[in-house]
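Survey of secondary and tertiary structure
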Amino acid sequence: MSKPSPPKYPLRLFRWFCHPDYLENIEGDLLERFERNSEEKGIKSARWNFTKDVIRLFRPGIIKSFLPDKSSNTYDMFRNYYKVGIRNILKYKAFSTINVLGLAMSMSLGMLIILMISDANSYDKFHENGDRVYRMIMKREGHSNPYATVPFPLAQTLKTDYPIVEDATAIRRGVGGDITFEDQYTQARGYFADEAFFHVLGFDLSSGNKNTALKNPNSIVISQDIAFELFGNEDPVGQSINFIDRKLNFFDNEASAPVDWGQYEVTGVISNNDYKSHLEFDVLISSESLELLYKENKIGDLTSSWKDHFQTYSYAMLTEEANQEDLDRELIQTSSIQFTEEGFQGSLLYAQPLSEITPGTPLGNEPTIRLPTIAYYALSLLALLVILSACFNYTNLSIARAFIRSKEIGVRKVNGANRATLILQFLSESIIISFLSLLLAQILLLFIRSAFKGLWVNQHLNFDLNISLMVYSSFILFALLVGLLAGFFPALSLASYQPIQALKKDYGPRLSYFGLRKVLTVSQFVISLFFIISSIVIYNQFQHFMDYNYGFDTENVVNLNLQSNDYVTTKQILKETPGVQNIAGCAYLPATGRNDNTSLEIPDQDEKVNVIDLGIDEDFIDVMGIDLIAGENIQSSQTGQSTILINERAVKALGYKNASDIVNEFFLIDGENIVSVSGVVEDFTFQLLFNGRETGPIVMRSNPDRIKFLTLKIQEDDKHNTIGYLEEKWKLIDQVHPLDYEFYDEKLSANNQGIFDLVSVIGFTTFLAIIISCLGLLGMAIYSTERRTKEVSIRRILGANDLNLLVVLSKEFMIVIGISILIAAPLSYFVNNFWLEFLIVRIDFGWKIIATGCLVILLIASATIFPQVLKISNTNPSNTLKSE
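Described in the following lines is the structure provided in the data block.

1. Side note on the overall build of the protein chain
- Counting secondary structure elements, the protein chain contains 28 helices and 21 strands.
- By the burial criterion, 51% of the 884 residues in the protein chain qualify as buried.
- Across the protein chain, the fraction of contacts at a sequence separation of at least 24, relative to all contacts at a separation of at least 6, is 81%.
- Carbon and sulfur atoms form 55% of the exposed surface of the protein chain, whose accessible area is close to 42,400 Å².

2. Describing the pairing of strand β13 (residues 596-601)
- Relative to strand β14 (residues 608-616), β13 is paired through six bridges, and the arrangement is antiparallel. Bridging across to β14, asparagine 597 finds its partner in isoleucine 612.
- Hairpin connection, β13 to β14: the antiparallel pair is bridged by six residues, and aspartate 604 has positive phi, about 70°.

3. Observations concerning the packing of helix α2 (residues 20-41) against helix α3 (residues 43-57)
- Interaxial distance between α2 and α3 falls to 8 Å at its minimum, and their mutual angle equals 150°. Comparing their axes, α3 and α2 come out roughly antiparallel. Crossing of α2 against α3: the hand is right-handed. Facing Ile26, Leu30, Leu31, Arg33, Phe34, Asn37, Ser38 and Lys41 of α2, the residues of α3 in contact are Ile43, Ser45, Ala46, Arg47, Asn49, Phe50, Asp53, Val54 and Leu57.

4. Brief notes about the packing of aromatic side chains
- Taken as a whole and assessed by the stated rule, the structure comprises 27 aromatic pairs.
- Note on tyrosine 147 and phenylalanine 310: the rings are 5.7 Å apart at their centroids and 85° apart in plane angle, and the pair reads as edge-to-face. With tyrosine 147 in the loop between β1 (133-139) and α6 (154-161) and phenylalanine 310 in the loop between α9 (290-295) and β9 (312-318), the pair connects residues that are 163 residues apart, well separated along the chain.
- Looking at tyrosine 147, the relative accessible area reads 15%, which means it is buried.
- Judged by its relative accessible area of 33%, phenylalanine 310 is partly exposed.
- By the ring-pair criterion, three or more aromatic residues cluster together here, those being Phe126, Tyr191, Phe197, Phe198, Phe203, Phe250, Phe281 and Tyr313.

5. So, the pairing of strand β20 (residues 709-714)
- Of all six residues in β20, six are buried, a share of seventy percent or more.
- Note that strand β11 (residues 557-561) and β20 share five bridges and pair antiparallel. Directly across from asparagine 559, in β20, lies its bridge partner threonine 711.

6. Observations regarding unusual backbone geometry
- The omega angle of the peptide bond from threonine 358 to proline 359 is -5°, so this bond is cis rather than trans.
- By secondary structure assignment, the location of proline 359 is in the loop between β10 (348-353) and α11 (373-400).
- A positive phi angle is found at alanine 591, which is not glycine, with a value near 65°.
- Structurally, the position occupied by alanine 591 is in the loop between β12 (580-586) and β13.
- Alanine 591 gets classed as buried once you look at its relative accessible area, which sits at 1%.

7. What to know about a negative patch on the surface
- A cluster of acidic residues, Glu39, Glu40, Asp131, Glu320 and Glu321, forms a negative patch on the protein surface.
- Its location among the elements puts glutamate 39 in helix α2.
- Since its relative accessible area comes to 70%, glutamate 39 is described here as exposed.

8. Focus: helix α10 (residues 324-338)
- End to end, α10 covers 21 Å across 15 residues, agreeing with the expected 21 Å (1.5 Å per residue, within 8%).
- Along α10, the residues that are buried comprise Asp326, Leu327, Asp328, Leu331, Thr334 and Ser335.
- The elements touched by buried residues of α10 are β1, α6, β2 (165-181), β9 and β10.
- The distance from a side-chain oxygen at the start of α10 to the backbone nitrogen of glutamate 325 is 3.1 Å, and the residue carrying that oxygen is asparagine 323.

9. Notes on the environment of asparagine 633
- Position of asparagine 633 among the secondary structure elements: in the loop between β15 (628-631) and β16 (643-647).
- Expressed as a C-alpha distance, the spacing of asparagine 633 and phenylalanine 620, which sit 13 residues apart in the sequence, is 9.7 Å.
- Residues in contact with asparagine 633, not counting those within four places in the same chain, are Glu618, Ile621, Leu628, Leu645 and Ser678.
- A polar contact is formed between the side chain of asparagine 633 and the backbone oxygen of glutamate 618, at a distance of 2.6 Å.

10. Observations concerning the nonpolar core
- Among the nonpolar cores identified, the biggest contains 110 residues, and Met107, Met116, Phe552, Phe620 and Met700 are the most heavily contacted of them.
- What methionine 700 contacts, discounting residues up to four positions off in sequence, is Leu614, Ile616, Phe620, Ile621, Ile634, Ile644, Leu645, Val681 and Phe684.
- One finds Val133, Ile137, Ala196 and Ile270 within the second-largest nonpolar core, a separate group that totals 28 residues.

11. Considerations on the side chain of threonine 368
- Residue placement: threonine 368 occurs in the loop between β10 and α11.
- For threonine 368, a relative accessible area of 15% corresponds to the buried category.
- A polar contact of 3.1 Å, which involves the side chain of threonine 368, links it to the backbone oxygen of histidine 278.
- With residues up to four places along the chain from it excluded, the contact list for threonine 368 reads Phe251, His278 and Glu280.

The rules behind these values
- Residues numbered from 1 in each chain as written.
- Predicted model: local features only at pLDDT ≥ 70, side-chain atom pairs only at ≥ 80, totals over all residues.
- Heavy atoms only, no water.
- Helix = DSSP H or I, 4+ residues; strand = E, 2+ residues; numbered from the N terminus.
- Buried < 20%, exposed > 50% of the residue type's maximum accessible area, 1.4 Å probe, protein only.
- Contact = heavy atoms within 4.5 Å.
- Areas by Shrake-Rupley, 256 points an atom, 1.4 Å probe, with all protein chains shown as cover.
- Pairing = 2+ DSSP bridges.
- Axes fitted to C-alpha atoms, helices over the stretch in contact; angles between N-to-C directions.
- Parallel < 35°, antiparallel > 145°, perpendicular 65-115°, else oblique.
- Left-handed = near helix turned anticlockwise from the far one by under 90°.
- Phe/Tyr/Trp six-rings, centres within 6.5 Å; stacked < 30°, edge-to-face > 60°.
- Patch = residues over 30% accessible without salt bridge, like charges linked within 9 Å, V, L, I, M, F, W, Y side chains within 5 Å.
- Salt bridge = Lys/Arg side-chain N within 4 Å of Asp/Glu carboxyl O.
- Lys, Arg positive; Asp, Glu negative; His and termini not counted.
- Charge placed at Lys NZ, Arg CZ, Asp CG, Glu CD.
- Expected span 1.5 Å × (residues − 1).
- Polar contact = N/O pair within 3.5 Å; in protein donor to acceptor, adjacent residues only side chain to side chain.
- Core = buried A, V, L, I, M, F, W, Y, C linked by side-chain atoms within 4.5 Å.

Right, dumping it as structure tokens:
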């Protein structure tokens with residue numbers, strides 16, 4: 001078997017920068033370390049470590065000097081190049097300003113993406129042994145998306161049966177409720193965690209002992225925020241608190257009936273360090289506490305359950321000799337042993353490195369919301385398009401100025417300058433421009449970063465966008481790359497001129513009508529028009545969502561979270577509130593992203609129809625304004641299992657032609673309960689508008705035990721006072737929790753705020769692309785019209801009027817814009833129609849939107865070109881031709 005080879009590009013990089021005196025010894029150490037890592041950790045990990053080692057060696061004392069000898073003429077030549085570069089920037093102020101502005105605006109967007117990527121990569125870097133820690137993942141057979149949760153017994157199996165595992169920990173969901181200490185109260189969410197938690201994961205305690213904090217039953221570790229709310233500045237370790245479980249989760253405030261879990265001793269306080277983790281929690285309760293909760297039937301026992309894989313996150317820390325491939329092999333064997341029952345056959349367990357969780361592809365049951373990797377790629381692509389547009393400007397204007405600088409090139413070549421040194425000179429100019437743009441981009445970034453952090457979606461993504469020394473280094477490297485990208489082709493083009501041709505002003509073959517400059521300009525406006533049309537489409541789609549008729553009434557409807565309080569009592573008390581017209585109850589709110597499911601089937605038949613299952617009371621369809629088209633409304637029932645309401649889609653799914661035909665028919669629900677259809681309601685939208693799922697059959701049934709929310713119809717003319725009255729009434733019901741309410745129409749609008757954020761991002765990118773394209777067009781217009789001043793004067797003398805001159809001077813630019821439209825219009829149509837196909841509720845995208853975008857780009861281009869054209873056309877011919 002051949003020996004594994006190190007990655008060639010990092011090795012080449014090392015040989016390039018390493019000082020010759022140290023090269024042989026250090027390279028030998030690197031290769032020896034690579035071979036050892038290959039045997040112990042695998043080739044993939046060894047190559048990654050080799051690359052990191054090379055990067056760490058790039059430091060003073062090891063890198064060789066790249067500066068030429070100051071005593072030589074070469075040093076003077078390089079210094080002269082930079083002087084000439086600065087002089088050219090100052091001499092051609094208009095072109096330099098256009099280039100600096102264009103690059104600065106595009107670079108500010110690129111720097112924002114760098115900040116986002118840096119923020120995402122800052123997660124889970126604080127774990128002491130993070131390179132050896134893996135999260136267990138489960139892929140169910142037949143399920144498209146893997147789960148971040150696994151069966152509860154897996155962690156113990158890892159500990160006892162896997163020699164390659166040094167330690168493992170299981171973190172169980174299900175901790176969410178009220179903590180009270182004397183007269184202080186707060187809500188908290190968290191996990192059950194075992195004794196190994198602080199050994200496997202690197203969370204610190206500001207108070208308490210990590211080794212024993214989660215060792216004993218009824219022990220709890222709290223965050224510093226919770227500690228301050230309950231105890232102020234006192235040390236809480238050793239204090240006893242009471243925990244009342246209400247089944248709160250991390251994503252909403254929906255609560256169940258309170259269950260007293262008893263007293264817990266505070267054994268630690270999580271350190272409030274500035275680290276970021278994919279795990280966020282307020283409290284950790286020791287897993288040893290579960291035994292008592294099992295006995296009292298306060299929580300389900302998962303100790304031996306390999307079927308429930310929705311509640312537990314498991315993490316394993318491998319021994320130093322083991323690697324991920326070893327762990328995956330063991331997990332495949334465990335999967336084949338444990339997943340043998342029907343529905344689980346073919347399911348697999350595998351490992352995910354801690355460092356790949358964020359950024360990464362979100363899995364099912366993730367503990368927090370985060371941006372998927374593909375979103376970073378999409379945003380990076382947008383930034384790259386804008387940066388390329390700015391680089392096209394630099395290339396265009398540099399090539400246009402080539403004719404002016406031809407003598408300079410000729411003189412330098414005659415005096416001994418070769419092609420390489422000329423390329424270096426022109427690249428130095430583009431790099432100087434890029435670093436000047438970097439200074440301006442830093443200022444623009446302050447505003448862009450603030451605007452991005454203010455987006456609605458950031459309350460879920462929690463981007464900090466902090467600027468560190470590493471980020472500043474990335475900015476400098478980014479500016480260097482942009483400078484090289486912008487100046488590369490102009491440098492090659494300018495340096496290729498021959499001395500005789502340059503001094504004779506013989507520039508060789510001119511660029512053809514569809515030459516490089518026109519191709520670049522066309523590309524810029526294709527990008528701009530694509531962004532314009534896409535922005536219009538996304539904005540219209542957003543407005544369509546905002547104006548959409550869900551099929552039920554949301555005006556003057558207030559949703560109120562019961563927060564574990566009794567539904568019947570709360571409804572009775574609030575019904576007497578001034579301004580409240582009617583009150584209904586429901587298990588959860590339609591069109592807010594949640595749906596419970598069950599099945600309906602005709603008795604003695606095997607065919608089932610999957611349906612959305614919504615618990616309501618008898619007033620729900622009246623408050624929501626849902627029309628009853630057949631039969632009658634359900635009646636209040638303590639069991640809630642006798643009659644149901646269904647929608648029209650359920651009628652068709654069950655094989656009935658008319659709604660009236662199904663009334664009073666009997667069906668089996670939940671596989672065991674017999675119910676009859678009391679009535680049929682009109683179809684209404686139950687799913688989120690942007691999730692691409694069409695609303696299917698719906699069953700609504702009375703079940704007071706499931707009701708978590710009240711929907712209140714209030715008077716339109718006195719909303720503010722009505723809310724005040726409700727808050728007073730609520731204090732009679734619940735003295736602990738404040739009134740938790742929101743207007744239904746505002747709730748549905750908030751669901752679409754993510755689309756508005758997308759409109760904002762695309763709109764801002766469009767604005768940058770248009771400004772950069774117009775700056776380039778302005779520069780080309782200035783250059784083109786100034787070169788044609790004599791032609792304009794002669795045409796004026798020969799009788800050309802303003803309109804003739806306007807047509808002659810702007811024709812070339814208008815043709816370029818026309819070609820851009822011919823390319824961008826069909827491209828925009830196909831791309832936008834592609835993503836619209838994934839939406840059930842979508843706008844009609846036709847020629848009107850494309851025509852609007854084309855008209856916008858024509859108006860912007862005309863406003864950019866015509867003032868410069870009119871300025872030249874109105875020049876006095878005698879002033880231009882007097883030297884002739």
